[in-house]
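Observations on the three-dimensional arrangement
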Amino acid sequence: MIVKWRSRIHGAGVYATRSISKNTRIIHYAGEKISNRESLKRERRYIRNGHIWCFKLTNRTVIDAGVGGNVARFINHSCRPNCYIDIKDGVIWIRAARPIRKGEELTYDYNTDGEGLIKCRCRPGCQRFL
Ligand SMILES: C[S@@+](CC[C@H](N)C(=O)[O-])C[C@H]1O[C@@H](n2cnc3c(N)ncnc32)[C@H](O)[C@@H]1O
Ligand SMILES: [Zn+2]
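What comes next concerns the included structure. Here the structure is a predicted model, which is why all the values come from computation and not from measurement.

A tally of regular secondary structure across the chain gives one helix and 10 strands. Seen in sequence order, the chain has helices and strands lined up from the N terminus as β-β-β-β-α-β-β-β-β-β-β. Counting over 130 residues, the chain shows a buried share of 22%. Considering only residue pairs separated by 6 or more positions, the chain has 65% of its internal contacts joining residues 24 or more positions apart.

What follows covers the site of ligand 1. Near ligand 1, the surroundings consist of 19 residues, among which Gly11, Ile52, Asn76, His77 and Arg121 are the closest. Only strand E2 (12-16) and strand E7 (76-77) provide two or more residues apiece to the shell around ligand 1. Split into classes, the residues belonging to the shell around ligand 1 amount to eight nonpolar, nine polar and two charged.

When the terminal C-alpha atoms of helix H1 (residues 36-48) are compared, their 19 Å separation across 13 residues agrees well with the 18 Å that a helix rising 1.5 Å per residue should span. If you look at H1, its biggest bend is around 25°, right at arginine 42. Of the residues flanking the end of H1, it is glycine 50, one or two places downstream, whose phi is positive at about 80°.

About the cut-offs
Residues numbered from 1 in each chain as written. Chains lettered and ligands numbered in written order. Predicted model: local features only at pLDDT ≥ 70, side-chain atom pairs only at ≥ 80, totals over all residues. Helix = DSSP H or I, 4+ residues; strand = E, 2+ residues; numbered from the N terminus. Buried ≥ 20, exposed ≤ 12 C-beta atoms within 10 Å, placed from the backbone. Contact = placed C-beta atoms within 7 Å. Near = placed C-beta within 6 Å. Nonpolar A, V, L, I, M, F, W, Y, C, P; charged D, E, K, R; others polar. Expected span 1.5 Å × (residues − 1). Bend = angle between axes of the 7 residues up to and from the residue.

This is the structure we're talking about:
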């Protein structure tokens, strides 16, 4: 249903290899479950290389896709995304926010609460920082 490929937004991205209907659970965000405290340490290291791999699961726990992650970790951010996040029973699902055409790049809103060091490139003229 999806494939990793070079992205116009940044580095690698993830694309639909067939049309996907609205609300489909496309993939879950895999990785090591760690504490919030541990993730703050790791994120400082990751961000130096320009990467965000840590996904907040609850107020106390984070999924670090830098360890044991799947292809979901290559899904880029967009301020006008075609996917959304649905957390069910401790699993972070990436679901289709609308019908997605074959060949479209998958995106979701990262909703980052970090320092905003990365300029968003989701579309020309976007003013947001991730
Ligand atoms: C989870 S990774 C996504 C995969 C990434 N493209 C790669 O090749 O490793 C998240 C990183 O991708 C980049 N990224 C994702 N969405 C972006 C966007 N809209 N604008 C700029 N950079 C973005 C940022 O460097 C971010 O830290
Ligand atoms: Zn943007």
